[in-house]
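Structural features, examined
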Amino acid sequence: MAFGRLDRNASGGPISEINVTPLVDVMLVLVVIFLLTAPLLASSIRLDLPQAASAAPATVEAPVVVVIDKAGKAFLVDQPADDPALAARFAAAMRANAQTELQLRADAGVPYGRVVEVMGLAQKAGLTRIGFMAEPAPAAPAPATGG
């Protein structure tokens, strides 16, 4: 090999090795895209749900999920909803299926009166199955055994 020259293959034909650099570039761009979009897939409404020790929740077909934040604002599918919109959604759910369940997620700091107002709208529309969402209570530490 002479100084300043690149090594050439003996046949002088094309090199049949894959060029990995564009593949790595594409993969790094995809990783960045996934890192940026992952937080957007989570619920955007921050709640401090109360904790309760209870059994595992039962699965329900197409429940109506209402979220009430600390300020008392209600949300349907992460979109703000006033009381008339909630009442209309509850009535539509009742017409679609009489066994529809309302799942209520309210922040621990929400006044009880606001929760009762939303429950009243649901009951007025005919929804009688109401579930309250809560965070599971932290597990108690195991007792230390002497020995």
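Here we summarise the structure given alongside this text. (Residues numbered from 1 in each chain as written. Predicted model: local features only at pLDDT ≥ 70, side-chain atom pairs only at ≥ 80, totals over all residues. Heavy atoms only, no water.)

**Looking at helix α3 (residues 112–125)**
Which entries qualify depends on this criterion: Strands here are runs of E lasting at least two residues and helices are runs of H or I lasting at least four, both read from the DSSP assignment and numbered beginning at the N terminus. Under the convention used throughout, the expected extent of a helix is 1.5 Å for every residue step, that is, one less than its residue count. Three labels apply to residues, based on accessible area from a 1.4 Å probe with only protein chains included: buried if under 20% of the type maximum, exposed if over 50%, partly exposed otherwise in between. To obtain the arc, one takes the directions from the helix axis to the C-beta atoms. Contact between two residues is taken to exist if any of their heavy atoms lie within 4.5 Å; hydrogens are not considered.
Compared with an ideal rise of 1.5 Å per residue, which puts 14 residues at 20 Å, α3 spans 20 Å between its outermost C-alpha atoms and is within 8% of the ideal. Every buried residue belonging to α3 is among Arg114, Val115, Val118, Met119, Leu121 and Ala122, and all of these are buried. Down the axis of α3, the smallest arc covering the buried residues is 155°, so these residues share one side. Facing away from the buried side of α3 by more than 90 degrees, the exposed set consists of Tyr112 and Lys124. Structurally, α3 contributes buried residues whose contacts are with β2 (64–68), β3 (74–76), α2 (83–96), β5 (101–106) and β6 (129–132). Downstream of α3 by one or two residues, Gly126 has phi in the positive range, about 105°.

**Some points on unusual backbone geometry**
Phi is mostly negative for residues that are not glycine, and the peptide bonds are mostly trans. Positive phi, close to 50°, is recorded for Val77, a residue that is not glycine. Locating Val77 in the fold gives a position in the loop between β3 and β4 (79–81).

**Side note on the environment of Pro138**
With respect to the helices and strands, Pro138 occurs in the segment after β7 (135–136). On a C-alpha basis, the gap between Pro138 and Gln51 in space is 8.1 Å, while along the polypeptide they are 87 residues apart.

**Digging into the nonpolar core**
Stated formally: Nonpolar core, defined: a set of buried Ala, Val, Leu, Ile, Met, Phe, Trp, Tyr and Cys residues in which side-chain atoms within 4.5 Å join the residues together.
Counting residues in each nonpolar core, the largest one holds 19 residues, and the members touching the most others are Val64, Val66, Ile68, Leu86, Phe90, Leu104 and Val118. The set of elements that each furnish at least two residues to this core consists of β2, β3, α2, β5 and α3. It is α3 that provides the largest number of residues to this core, a total of five residues. Ignoring anything within four residues of it in the chain, the contact list for Ile68 reads Leu47, Lys73, Ala74, Leu104, Arg105, Ala106, Asp107, Val110, Arg114, Val115 and Val118.

**Brief notes about the sheet that holds β4**
How we decide: Here, a strand pair is defined by DSSP locating no fewer than two bridges between the strands. To obtain each axis, a line is fitted to C-alpha atoms, and for helices this fit is confined to the stretch in contact; angles are then taken between N-to-C directions over 0 to 180 degrees.
Spatially, the five strands line up as an open sheet ordered β4-β3-β2-β5-β6, and their pairing is mixed. Only two strands of the sheet have a single neighbouring strand rather than two, namely β4 and β6. The sheet shows a mean angle of 35° between the axes of neighbouring strands, taken without regard to direction. As defined by bridge partners, β2 adjoins β3 across three bridges and the pair is classed as antiparallel. Bridging from a neighbouring strand, Val66 pairs with Leu76 of β3.

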